Amino acid sequence: MIVVMKVGHTTEELDGVVARITEAGFRSNLSRGVEHTVVGVVGQPPPDLKDDLEVLAGVEDVIPITKPYKLASRDFQPVDTLIQMKDVVIGGPELVVMAGPCAVETEEQVMATAKAVKAAGAHILRGGAYKPRTSPYQFRGLGEAGLRILALARQETGLPIITEVMAPEDVELVSRYTDILQVGARNIQNFPLLDEVGKAHKPVMLKRGMSTTYQEWLLSAEYILAQGNKQVMLCERGIRTFETYTRNTLDVNAIPVIQKLSHLPVIADPSHGTGKWYLVTPAALAAVAAGADGLLIEVHPSPDHALADGAQSLTFENFQALMEKVAQVAQAVGKPLAKTSANAIQSQRKRA
Ligand code: PEP
Ligand code: MN
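Computed from a predicted structure; not experimentally measured. Sequence order sets the numbering: in each chain, residues are counted from 1 along the sequence as written. To label them, take the chains in the order written and letter them from A, then take the ligands in the order written and number them from 1. Note on the predicted model: pLDDT of at least 70 is required for a residue's local features to be given, and 80 or more for side-chain atom pairs to be given and counted; whole-chain, interface and lining totals, by contrast, use all residues. The basis for every side-chain value is the complete set of non-hydrogen atoms in the structure, without hydrogens or water.

### A closer look at the sheet that holds strand 14 (residues 294–298)
When DSSP locates at least two bridges between a pair of strands, those strands are taken to pair. Strands are runs of DSSP state E lasting at least two residues, helices are runs of H or I lasting at least four, and both sets are numbered from the N terminus onward. The strand order around the closed barrel formed by eight strands is 7-8-9-10-11-12-13-14, and the pairing between neighbours is parallel. Averaged over all neighbouring strand pairs, the angle between strand axes comes to 25 degrees, with direction disregarded. The sheet contact formed by strand 7 (residues 96–100) and strand 14 spans five bridges and is parallel. Across the sheet, residue Val97 finds its bridge partner in strand 14, namely Leu295. In what follows, a contact means two residues having at least one pair of non-hydrogen atoms within 4.5 Å. Only the stretch in contact is used when a helix axis is fitted, and all axes are lines through C-alpha atoms; the angle between N-to-C directions ranges over 0 to 180 degrees. Strands strand 10 (180–183) and strand 11 (204–207) of the sheet are contacted by helix 6 (residues 191–199), whose axis makes an angle of about 170 degrees with strand 10. Here helix 7 (residues 214–226) sits on the sheet and contacts strand 11 and strand 12 (232–236); the angle it forms with strand 12, its principal contact strand, is near 155 degrees.

And the structure:
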């Protein structure tokens, strides 16, 4: 249920609405748009609360939310969620790029990649220390040693880091190192994990599962939001279709659909979305053209020798080329690449 306040309502009237919601035993969520202030009632309020709120001073309308997800829905919060990551904002008017290896392998590998992606204009460094692998015999990550390497790379480059957490009991440890917690596709319905990252004081990127519907995805986001963590972004990483030529099919539709249904930022991952390095750039450009708030790109110093996802990883050179094309499309669709010291230097060089 949301309470739409009248234009020009007073602070006292707003306080009165919030007090009535609290009195009824519910939490409220304030969202100030350009025209309207909206107060969301968190939870499943009884229908008679609508009657009580409707008659309060300053109230324009009380609208029940019929969708099963509430906090994640745009009806509940009409304004976009913005996530500040050091110098950049995710979900705002600019495009943000996260890049790095699939898995943290060695300090040299991560350090070299961090420097290369930073120089090409990336904003956030990615790398997995806890790797969900289809086979138990594949490389499953360095664990905490990998987190330490990521932290060193952040220290060296200044790039914030994003890394996956797979188990509820690891959330506390991973949160001590990372700037953003990633919940992987395979854990989209690991409800104890969703609850735990919901209690963490770090932004969370929730990847779509390979056969997750939009509604299921938003309901998983709802788990995190319901625990009080509002810093949630969603990542489209491809779904499984009948096509076997590609690893997955990047669902470009998901980008505008989720942005219509929800206020949460949408990141596209054309690396897992295609599974082949030469498809990453075209799919990334399509995602940017469709309005994605950010990209997640796998980059490796030597993809042929990568311990995970080498086939879809870009070399430094290819990543640099991707960034140049992404910058053009981003500009053309009115969501320019967020400025960094690296891409400011590059555009200066181009102008000179
Ligand atoms: C990853 O980001 O490396 C990863 C494992 O992704 P996903 O969960 O989308 O498969
Ligand atoms: Mn990967």
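### Considerations on the pattern of salt bridges
It is possible for side chains bearing opposite charge to pair when their charged atoms get close. Any Lys or Arg side-chain nitrogen found within 4 Å of a carboxyl oxygen on Asp or Glu counts as a salt bridge. Within this structure, the stated rule accounts for 16 salt bridges. A salt bridge links Lys50 to Glu54; the shortest N-O distance between them is 2.6 Å. With Lys50 and Glu54 both in helix 2 (residues 48–54) and four residues apart, this pair spans about one turn of that helix. Burial here depends on accessible area, computed with a 1.4 Å probe over protein chains only, as a share of the maximum for the residue type. Under 20% is buried, over 50% is exposed, and the range in between is partly exposed. Classification of Lys50 as partly exposed rests on a relative accessible area of 24%. Under the relative-accessibility criterion, Glu54 is labelled partly exposed at 33%. Notably, a salt bridge pairs Lys199 with Glu196, separated by 3.5 Å at the nearest N-O pair. Residue Lys199 and its partner Glu196 are both found in helix 6; the two are separated by three residues, about one turn of the helix.

### Side note on the packing of helix 6 against helix 7
Put simply, helix 6 and helix 7 touch, their axes get as near as 7 Å, and they point 45 degrees apart. Judged on the interaxial angle alone, helix 7 and helix 6 are oblique. At the point where helix 6 passes helix 7, the crossing takes the right-handed sense. Contacts between helix 6 and helix 7 pair Phe191, Leu194, Asp195, Val197 and Gly198 from the former with Ser220, Tyr223 and Ile224 from the latter. The residue inventory of the contact of helix 6 with helix 7, partitioned by class, reads five nonpolar, two polar and one charged. When describing relative orientation, an angle under 35 degrees is termed roughly parallel and one over 145 degrees roughly antiparallel, while 65 to 115 degrees is termed roughly perpendicular and anything else oblique. Handedness of a helix crossing follows the sense of rotation of the near helix relative to the far helix, less than a right angle counterclockwise being left-handed and clockwise being right-handed. Residues are grouped as follows: Ala, Val, Leu, Ile, Met, Phe, Trp, Tyr, Cys and Pro are nonpolar; Asp, Glu, Lys and Arg are charged; all remaining types, including Gly, are polar.

### Here we look at the site of ligand 1
By convention in these notes, a residue is near a molecule or strand provided one of its non-hydrogen atoms lies within 4 Å of it. Around ligand 1, the surrounding shell holds 13 residues, and the nearest of these are Arg126, Ala185, Arg186, Lys207 and Arg237. One nitrogen or oxygen atom from the side chain of Lys207 is found 2.9 Å from an oxygen atom belonging to ligand 1. Pairs of N or O atoms within 3.5 Å make up the polar contacts considered here, provided that, within protein, one atom can donate a hydrogen while the other can accept it, and that residues adjacent in sequence are counted only when both atoms are side-chain atoms. Side-chain polar atom of His272 to an oxygen atom of ligand 1: 3.2 Å apart, as the coordinates give it. Here the Shrake-Rupley method, with its probe set to 1.4 Å, supplies the accessible areas, and only the displayed protein chains count as covering residues. When the free accessible area of ligand 1 is taken as 300 Å², the share hidden by the protein chains comes to 98%. Residue classes in the shell around ligand 1 are distributed as three nonpolar, three polar and seven charged.

### Quick notes on the sheet that holds strand 2 (residues 27–32)
Strand order across the open sheet formed by four strands is 2-3-1-4, with antiparallel pairing between neighbours. Strands with a single pairing partner mark the edges of an open sheet, and in this sheet they are strand 2 and strand 4 (59–63). In this sheet, adjacent strand axes meet at a mean angle of 20 degrees when their direction is disregarded. Along the sheet, helix 1 (residues 11–23) makes contact with strand 1 (2–5), strand 2, strand 3 (37–42) and strand 4, crossing strand 3 at roughly 10 degrees.

### A word on the domain arrangement of the protein
One can read the domain layout of the protein as domain 1 (2–63) and domain 2 (83–351). Domain boundaries shown here were taken from an automatic or database domain assignment. Distance between the C-alpha centres of domain 1 and domain 2: 36 Å.

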